[in-house]
Amino acid sequence: MKIEHNVLLKNHTTLKTGGFARLFSLATTRDDIVASVQCAKENSIPLCVLGGGSNILVSESGFDGIVLNIKTDGITFEDVDERSVKMKVEAGVAWDECVSVSVGRGLYGLENLSLIPGSVGAAPIQNIGAYGCEVAQLIDTVEVYNKDTMVFELLANKECQFGYRDSFFKTKEGKKYIVVGVNFILQKQGVLHKEYKDIQDYEKEHGPIESLEALRQAVIAVRMHKLPDMHIYGTAGSFFKNPIISNELCDKVRTVFPDIPTYPSGKEGFVKVSAAFLIDKGAGMKGVQVGNVGTYKNQALVLVNYGDATGEEIRSFAERVRQVVYEKSGIDLEMEVQTLGF
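Here is what the cut-offs are and how they apply
For every chain, the first residue of the written sequence is number 1, and numbering continues from 1 onward in sequence order. Predicted model: local features are reported for residues with pLDDT of at least 70 only, side-chain atom pairs are reported and counted for 80 or more only, and whole-chain, interface and lining totals are derived from all residues. For side-chain calculations, the full set of non-hydrogen atoms in the structure is used, while hydrogens and water are omitted. When DSSP finds two or more bridges between a pair of strands, those strands are recorded as paired. Each helix corresponds to a stretch of at least 4 residues labelled H or I by DSSP, and each strand to a stretch of at least 2 residues labelled E; elements are numbered beginning at the N terminus. Only C-alpha atoms enter the line fits that serve as axes; for helices the fit covers just the stretch in contact. Angles between N-to-C directions range over 0 to 180 degrees. Two residues qualify as a contact provided that any one of their heavy atoms is within 4.5 Å of a heavy atom in the partner residue. Burial classes: relative accessible area under 20% of the type maximum marks a residue as buried, over 50% as exposed, and values in between as partly exposed (1.4 Å probe, protein chains only). Think of a salt bridge as a Lys or Arg side-chain nitrogen and an Asp or Glu carboxyl oxygen that are within 4 Å of each other.

Q: Before we move on, can you summarise the sheet that holds strand E10 (residues 139–146) with the specific residues and values?
A: The strand order across the open sheet built from 5 strands is E6-E7-E12-E10-E11, with neighbouring strands paired in antiparallel fashion. Looking at strand neighbours, the two that pair on one side only are strand E6 (75–79) and strand E11 (151–156), the edges of this open sheet. If you compare each strand with its neighbour and ignore which way they point, the axes differ by 20° on average. Examined bridge by bridge, E6 and strand E7 (residues 84–90) share 5 bridges and lie antiparallel to one another. Within E7, the position partnered with Glu78 by the bridge is Lys86. Helix H1 (residues 30–42) contacts E7, E10, E11 and strand E12 (177–187) of the sheet and is inclined by roughly 150° relative to E12.

Structure below.
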């Protein structure tokens, strides 16, 4: 376990914000994770787990405790039966590397989740999803370390209580667990999921998508067009969740915005609506910039740190977006990005 003192967190988050962490522990093995938890307990200081830093907004006040940066590595495969394979992935693996390896092996399931930033360990916590697929559909079990009992455990898919961009790990009880590995069930044969409009538009322009690799490249191209380059700008990708609202509220919204896109919510009497539409057409805030913060010109759902914006500036801008959307539609947006230090 390597521990550093007073590490600037803005250098470890894709939004490029954050003050200093009192201690910063780089964990490349599971033993390092255990040692970091023990260190936090022995010194009675808080511990925060950080993966790829792509879904977190950190305050300039930093974190007066241990930031555990998980960088474990390793992917293995195990045949389940003649049709399916278990893919076991360590939490510190970059998510897109995980997708790339699965596609390279000709395994169906993760391809629509290509180019999502972050680490594998964050995937079940956030229940990441894109282009008609959620990772919960593919997870068999999640390997965790219980900070209270100091033992490793294995949680089944059902125990993770997956919801839309949600899971058991976000609850008070669930936060005692550190995700150390994820086990996926992938298929040797399958169907390419091309139902999403952006993918269909890509296919119309570039020709039929007939392989896993072709679909992965299509998803990558669409994402690169709609999202800012993380190497240039600070961004966390989608900043807000698509709201799930009652059918009654949706009917009211349609009287003002009749063309608002809606999607099945999986919950009777409720429907999912497009946050990007509400920010763009509803609030007129697509491409709006205030100081060094703004919504991206190609995707209203994405907030961008265009310069040296602080976490506080980004949060203030996000609250302004929420306020305008609520005033125009009566819908309260919820942040998808997690916060630290506020």
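There is more to say, and it comes next.
Q: Can you break down unusual backbone geometry residue by residue, with the values?
A: Unusually for a residue other than glycine, Asn6 sits at a positive phi of about 50°. By secondary structure assignment, the location of Asn6 is in strand E1 (residues 2–8). Assessed through its relative accessible area of 53%, Asn6 is described here as exposed. Of note in this structure, Lys16 is not a glycine but carries a positive phi near 60°. Relative to the elements of secondary structure, Lys16 occurs in the loop between E1 and strand E2 (20–27).

Q: Could you give me a rundown of the pattern of salt bridges, with the residues and numbers involved?
A: Pairing between side chains becomes possible if they bear opposite charge and their charged atoms approach one another. Within this structure, the stated rule accounts for 17 salt bridges. Of the charged contacts, one joins Lys176 and Glu173 as a salt bridge, the two residues approaching to 2.6 Å between their closest N and O atoms. Assessed through its relative accessible area of 44%, Glu173 is described here as partly exposed. Across the pair Lys286 and Asp280 runs a salt bridge whose closest N-O atoms are separated by 4.0 Å. Take Lys286: its relative accessible area is 33%, and that puts it in the partly exposed class.

Q: Any chance you could break down the pairing of strand E19 (residues 299–305) for me, citing the residues and the numbers?
A: Most of E19 is tucked away: 7 of the 7 residues are buried. Pairing of strand E13 (residues 234–238) with E19, which is carried by 3 bridges, proceeds in the antiparallel orientation. Of the residues in E19, the one forming a bridge with Thr235 is Val304. Pairing of strand E18 (residues 293–296) with E19, which is carried by 4 bridges, proceeds in the antiparallel orientation. Bridged to Tyr296 within E19 is Gln299. The antiparallel hairpin formed by E18 and E19 contains 2 residues in its connecting segment.

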